[in-house]
Amino acid sequence: MKLGKYSLGIGDRFSHQGVAQLRAIVRANQTGLDISPVWNKSNREHMYVHSHPADVRVEADAAVATLGFSGKYFVDADHINLGTVAPFVETADFFTLDVASFIGKESPESEVNAFVASCSKYIGNLTIPGIDHTIPVTEELLEKLAFQFLAAARQAGEIYNYLKVAKGEGNFITEVSMDEVETPQTPVELFFILKMLADKGVPAQTIAPKFTGRFNKGVDYTGNVDQFAIEFEEDVLVIDYAVKEFGLPEELKLSVHSGSDKFSIYPVMAQIIRKYDKGLHVKTAGTTWLEEVIGLALAGGEALVAAKFIYSSALGRKEELCAPYADVIDIDDSKLPSISEVSGWTGEKFANSLRHIPGHPDYNPNLRQLIHVGYKIASEMGTSYTDLLKKHADLVGQCVEENIYDRHLKRLFNL
Ligand SMILES: [Zn+2]
């Protein structure tokens, strides 16, 4: 099973927007592209909204049938580990093996030594084709990398082997993610991580490193775009070389997590993948849920009341809601509007404050991030929330489609 060159991870918290999400991809593909949709949902999301991995398969299949979509599509068991993978086995065909928590865990010295010995040909000045400077590699560096990453690679191997037995070799896509950590992985680290994965027999088709800069949820990239560009380009070249050196799958490509709304780096990514004719996977996750709230606000009446209730509840429970996402949000409390202020807003004003249009005078990234982590509130509203989604399906669907097509795909693929 092969993923294809371009793929977009579309998360959908409440499983009502599959068709609208797919419409955006169909529109992009009508321009000659071949983007594969990948419906992804993590164990954490399932727990918060009390959904089951099988629901994502049902949603994906239904969306594909509704639109008569004939391309490849996948269902991603996002950020799973050995403890959480089992319920996903039957219905997912894309598995994101999250081994970030194994980074820095100790490995047996014999294994470290064997790794270092297997890399002896790279000691000295490593030349990666396309990168205009050599990278000094010493035995000490290799030892350090082995101590840091071997346990994570071994863990990826264990999860992969479990899946190989459970699903059969070749029947699923393997992604390895290391993005949910504080310290970014450098291109040279990525090179040796890929060697470790190859050594452990993990045929990764996508790899999600932690890039430089902040990838906060639902808002633009924060960091040095020029430095990101250099690292992203070097990562692409490292992968190309690693595929040849280590016999990894030819289609191996970068996966950008929390990739929705990173508008300021999309042109950089687009330019680099075009320059080298490489593939890319971008996970968008919660950006769709925000469009639901925008759509409800625009619908007015009881739907606007519900949107305001979500904000006021989230404000009241800010600490609890933000805690699991502390590393991936930056909210300036002083810029959060008060409940009484928001209660006087029109649907337009609410939507404009929440919608991610950089430079729009009403756009408020603080409010946006708070609502981003506030999906637990909507989940607690149960059918009173999902009934509103059904009642205003057209308007909400339009918002979802426009967000993915106009603000994401157009920028990512120069449409
Ligand atoms: Zn992730």
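Caption draft 1: Highlighting the overall build of the protein. In terms of helices and strands, the protein carries 17 helices and 10 strands. Relative to its length of 415 residues, the protein is compact, with a C-alpha radius of gyration of 22 Å against a globular reference of 22 Å. Once the C-alpha set of the protein is aligned to its principal axes, its extents read approximately 70 × 45 × 40 Å. Burial statistics for the protein: of 415 residues in total, 47% are counted as buried. When contacts within the protein are restricted to residue pairs at least 6 apart in sequence, those whose partners lie at least 24 apart make up 78%.

Caption draft 2: Fine view of the packing of helix H7 (residues 225–246) against helix H8 (residues 266–276). At a minimum axis distance of 10 Å, the contact between H7 and H8 shows a crossing angle of 30°. Of the possible angle classes, the one that applies to H7 and H8 is roughly parallel. Helix-helix and strand crossings are classified by hand; for H7 and H8 the assignment is right-handed. Across from Val-225, Phe-228, Ala-229, Phe-232, Glu-233 and Val-236 in H7, the residues of H8 making contact are Val-268, Met-269, Ile-272 and Tyr-276.

Caption draft 3: Structural view of the domain arrangement of the protein. Assigned domains of the protein: these are domain 1 (6–285) and domain 2 (289–409). Its C-alpha centre places domain 1 at a distance of 29 Å from the equivalent point of domain 2. Taken together, the 26 residues of domain 1 in the interface contact 26 residues of domain 2. Sorting the residues of the side of domain 1 that touches domain 2 by element identifies helix H1 (18–29) and helix H2 (43–49) as the ones contributing at least two each.

Caption draft 4: Structural context of unusual backbone geometry. Not every positive phi belongs to a glycine, and His-79 is a case in point at roughly 55°. Backbone geometry places Asp-277, a non-glycine residue, at a positive phi of 55°. Examined against the element boundaries, Asp-277 turns out to sit in the loop between H8 and strand E10 (280–283). You can call Asp-277 exposed: it has 7 C-beta atoms within 10 Å.

Caption draft 5: Up close: the environment of Pro-37. Relative to the elements of secondary structure, Pro-37 occurs in strand E2 (residues 35–42). Residue class for Pro-37 comes out buried when judged on the 26 C-beta atoms lying within 10 Å of it. When the C-alpha atoms of Pro-37 and Gly-18 are compared, they prove to be 9.9 Å apart, with 19 residues separating the residues in sequence. Residues within four places of Pro-37 in sequence aside, it is in contact with Leu-8, Ile-10, Gln-21, Leu-22, Ile-25 and Tyr-73.

Caption draft 6: Representation of the nonpolar core in the model. Ranked by size, the top nonpolar core spans 117 residues in total, and within it Ala-156 and Leu-197 carry the most contacts. The element best represented in this core is helix H5 (residues 139–167), accounting for 12 residues. Three or more residues apiece are contributed to this core by two domains, here domain 1 (6–285) and domain 2 (289–409).

Caption draft 7: Representation of the environment of Glu-250 in the model. With respect to the helices and strands, the residue Glu-250 is situated in the loop between H7 and strand E9 (253–256). Once the C-alpha coordinates of Glu-250 and Pro-358 are considered, the two residues, 108 residues apart in sequence, prove to be 37 Å apart.

Caption draft 8: Quick peek at the sheet that holds strand E4 (residues 94–98). Spatial ordering of the closed barrel is given by E1-E2-E3-E4-E7-E8-E9-E10, a layout of eight strands whose pairing is parallel. Here the strands of the sheet are splayed against their neighbours by 25° on average, with no regard to which way each runs. In this structure, E2 lies alongside strand E3 (residues 74–80), joined through five bridges in parallel fashion. By the bridge assignment, Asn-40 is partnered in E3 with Asp-76.

Caption draft 9: Focus on the environment of Asp-78. Relative to the helices and strands, Asp-78 is located in strand E3. Measuring from C-alpha to C-alpha, the distance between Asp-78 and Val-49 comes to 15 Å, with 29 residues separating the pair along the chain. Setting aside chain neighbours within four positions, we find Asp-78 in contact with Asn-40, Lys-41, Ser-42 and Thr-96.

Caption draft 10: Here's a closer look at the packing of H1 against helix H17 (residues 393–413). In the contact formed by H1 and H17, the axes pass within 8 Å of each other and the chain directions differ by 35°. Crossing of H1 over H17 shows right-handed handedness. For the pair H1 and H17, the contacting residues are Val-19, Ala-20, Gln-21, Arg-23, Ala-24, Arg-27 and Ala-28 in the first and Gly-397, Val-400, Glu-401, Ile-404, Tyr-405, Leu-409 and Phe-413 in the second. When the residues that make up the contact of H1 with H17 are grouped by side-chain class, the tally is nine nonpolar, two polar and three charged.

Caption draft 11: Broad picture of the pairing of strand E1 (residues 6–11). Of all six residues in E1, six are buried, a share of seventy percent or more. Relative to E2, E1 runs parallel, the two being bridged by six bridges. Bridging across to E2, Ser-7 finds its partner in Ser-36. Direction of pairing for E1 relative to E10: parallel, over a ladder of four bridges. Residue pairing across strands places Ser-7 opposite His-281, the latter belonging to E10.

Caption draft 12: Structural detail: helix H13 (residues 347–354). Within the sequence span of H13, burial applies to Phe-350, Ala-351, Ser-353 and Leu-354. One side of H13 holds all its buried residues, which, seen down the axis, span an arc of 160°. Where H13 is buried, its residues touch helix H9 (287–299), helix H10 (301–316) and helix H14 (365–372).

Caption draft 13: Quick peek at helix H16 (residues 383–391). Among all positions of H16, only Tyr-385, Leu-388 and Leu-389 are buried. Down the axis, H16 shows its buried residues gathered within 105° of arc, on one side only. Looking at H16, the residues exposed on the side facing more than 90 degrees away from the buried face are Thr-383, Ser-384 and Lys-390. Where H16 is buried, its residues touch H9, H10, helix H15 (375–381) and H17.

Cut-offs applied
Residues numbered from 1 in each chain as written. Predicted model: local features only at pLDDT ≥ 70, side-chain atom pairs only at ≥ 80, totals over all residues. Helix = DSSP H or I, 4+ residues; strand = E, 2+ residues; numbered from the N terminus. Rg over C-alpha atoms; globule rule 2.2 N^0.38 Å. Buried ≥ 20, exposed ≤ 12 C-beta atoms within 10 Å, placed from the backbone. Contact = placed C-beta atoms within 7 Å. Axes fitted to C-alpha atoms, helices over the stretch in contact; angles between N-to-C directions. Parallel < 35°, antiparallel > 145°, perpendicular 65-115°, else oblique. Left-handed = near helix turned anticlockwise from the far one by under 90°. Domains from an automatic or database assignment. Core = buried A, V, L, I, M, F, W, Y, C linked by C-beta atoms within 7 Å. Pairing = 2+ DSSP bridges. Nonpolar A, V, L, I, M, F, W, Y, C, P; charged D, E, K, R; others polar. Arc of directions from axis to C-beta.

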